[in-house]
Amino acid sequence: AGLLSYNFYDQSCPQLESIVRSELRTLSLTDPTAPAALLRLLFHDCQVQGCDASILLDLNGVTTQYSEMASSKNFGVRKRETISLIKSTVETMCPQQVSCSDILVLAAREAVALSGGPRIDVPLGRRDSSNPPNVGFVDASLPPADIGVDGVLKLFAKKGMTVEETVAILGAHTLGVTHCSNLQSRLYNPATKQGYAVNPGFENTLKISCPLGPLASKIRFVENDVTSVLFDNRYYISSMNGRGVLRIDSEMPLDFRTRPFVEKFAINQEAFFQAFSSAFVKLSSFEVLTGNQGVIRTRCNALN
Ligand code: HEM
Ligand SMILES: [Ca+2]
Ligand SMILES: [Ca+2]
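Residues numbered from 1 in each chain as written. Chains lettered and ligands numbered in written order. Predicted model: local features only at pLDDT ≥ 70, side-chain atom pairs only at ≥ 80, totals over all residues.

Naming follows an unreviewed UniProt entry, where the protein appears as Peroxidase of Buddleja alternifolia. The protein has a UniProt comment under Function (unreviewed entry) that states "Removal of H(2)O(2), oxidation of toxic reductants, biosynthesis and degradation of lignin, suberization, auxin catabolism, response to environmental stresses such as wounding, pathogen attack and oxidative stress." Recorded in UniProt for the protein, the comment headed Catalytic activity (unreviewed entry) runs: "2 a phenolic donor + H2O2 = 2 a phenolic radical donor + 2 H2O". (UniProt positions renumbered as here; feature names shortened; annotations may be inferred.)

This is the structure we're talking about:
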């Protein structure tokens, strides 16, 4: 990560940031849910073997088992093709210069800014992996949908995040949706419900949106907060009111380690934006390939 820099493409591709910005602007007008998808896509890339664009590889045919999308933890991940599309524009302007992993980071950064969040300055210079991980490794690397405060603090401490930054990065759940398949155990397994701050009315609403059983649980979904296309601090306000959708969303306001920051961000959006920005840089700089490690892929979904 020390080899990333804030002016990496100044000579080799000065138009890069404006290309990504204008493509994202167009996309989010036609699909307001795209920013959420891109932000989650970045997390799921970085969580598995670092931010190396491994999640974008489509190795179909004989090697399906090597595509990260085969992991059920990647259920609902969308907009991988958006990065490939931006990459093809970037290739015509600056051939063989820009990695898919940097484009993914820039796209997620624009997604946050376009949704009303902070404009985050991100260091660049990542390279793409040429050896995709197997599905077992993907499964083991991504957190389960019902992870609690302990697990999350450990996960993000590994990336050098403070408790405050960890609470802030979970604020990504100010955007987007959760499919009912990820809420079955939370809503219907009494053993996993202990210690949650759940508003009973909200729990009923969730149960109506997500009835018991596998039927349609992969089609039906609930919004992560009531302003799910706006990057704001509503997620923290909702969580404090017992309206957190996932286990972690409702546990953070209860745990003595995380509660002070949930409270702080619920009343101070600027403090949330600041902590989110530094957490985002840590998330997106973890275990990256730099220098002559890895490759610059020509197409994001295929090995060179
Ligand atoms: C480690 C703790 C985390 C857990 C357990 C978790 C879990 C989940 C789950 C289960 C969903 C719903 C997916 C679906 O059903 O479609 C989701 C959605 C989402 N997550 Fe997380 N997440 C975590 C951290 C993060 C981080 C660090 C980010 C980004 C920086 C993030 C960004 C998102 C976004 C934006 C969505 C909405 C996606 C969409 O609408 O397409 N999450 N998360
Ligand atoms: Ca990766
Ligand atoms: Ca929101």
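Quick look at unusual backbone geometry now. Not every positive phi belongs to a glycine, and Gln49 is a case in point at roughly 65 degrees. One can find Gln49 in the loop between α2 (34-47) and α3 (80-93). Not every positive phi belongs to a glycine, and Gln96 is a case in point at roughly 65 degrees. Along the polypeptide, Gln96 turns up in the loop between α3 and α4 (100-114). Overall, the presence of 11 C-beta atoms within 10 Å leaves Gln96 in the exposed class. (Helix = DSSP H or I, 4+ residues; strand = E, 2+ residues; numbered from the N terminus. Buried ≥ 20, exposed ≤ 12 C-beta atoms within 10 Å, placed from the backbone.)

UniProt annotation of "binding site: Ca(2+) 1" (unreviewed entry) refers to Asp45, Val48, Gly50, Asp52 and Ser54 when read in the numbering used here. Relative to the elements of secondary structure, Asp45 occurs in helix α2. Discounting residues that sit within four places of it in the chain, Asp45 has contacts with Cys51, Ala53, Ser54, Ile55 and Leu104. If you trace the backbone, Asp52 turns up in the loop between α2 and α3. (Contact = placed C-beta atoms within 7 Å.)

Moving on to the site of ligand 1. Taken together, 27 residues lie around ligand 1, and Ala36, Gly76, Ala172, Gly176 and His179 are the ones closest in. Of all the secondary-structure elements, those providing two or more residues to the shell around ligand 1 are α2, α6 (149-157), α7 (163-170) and β1 (177-179). Sort the elements by how many residues they give to the shell around ligand 1 and α2 lands first, with five residues. For the shell around ligand 1, a count of residues per class yields 17 nonpolar, eight polar and two charged. (Near = placed C-beta within 6 Å. Nonpolar A, V, L, I, M, F, W, Y, C, P; charged D, E, K, R; others polar.)

Moving on, we get to α7. A large share of α7 lies buried, amounting to six of its eight residues. Every buried residue belonging to α7 is among Glu165, Thr166, Val167, Ala168, Ile169 and Leu170, and all of these are buried. Looking at the packing, one finds that the buried side of α7 touches α6, α11 (247-251), α12 (259-267) and α13 (269-284).

On to the domain arrangement of the protein. Here the protein is partitioned into domain 1 (16-143) and domain 2 (149-279). A C-alpha centroid distance of 23 Å is found between domain 1 and domain 2. Across the contact, 15 residues belong to domain 1 and 14 residues belong to domain 2. In terms of residues, the side of domain 1 that touches domain 2 owes the most to one element, α2, which gives four residues. Taken together, the residues of the side of domain 1 that touches domain 2 sort by class into nine nonpolar, five polar and one charged. (Domains from an automatic or database assignment.)

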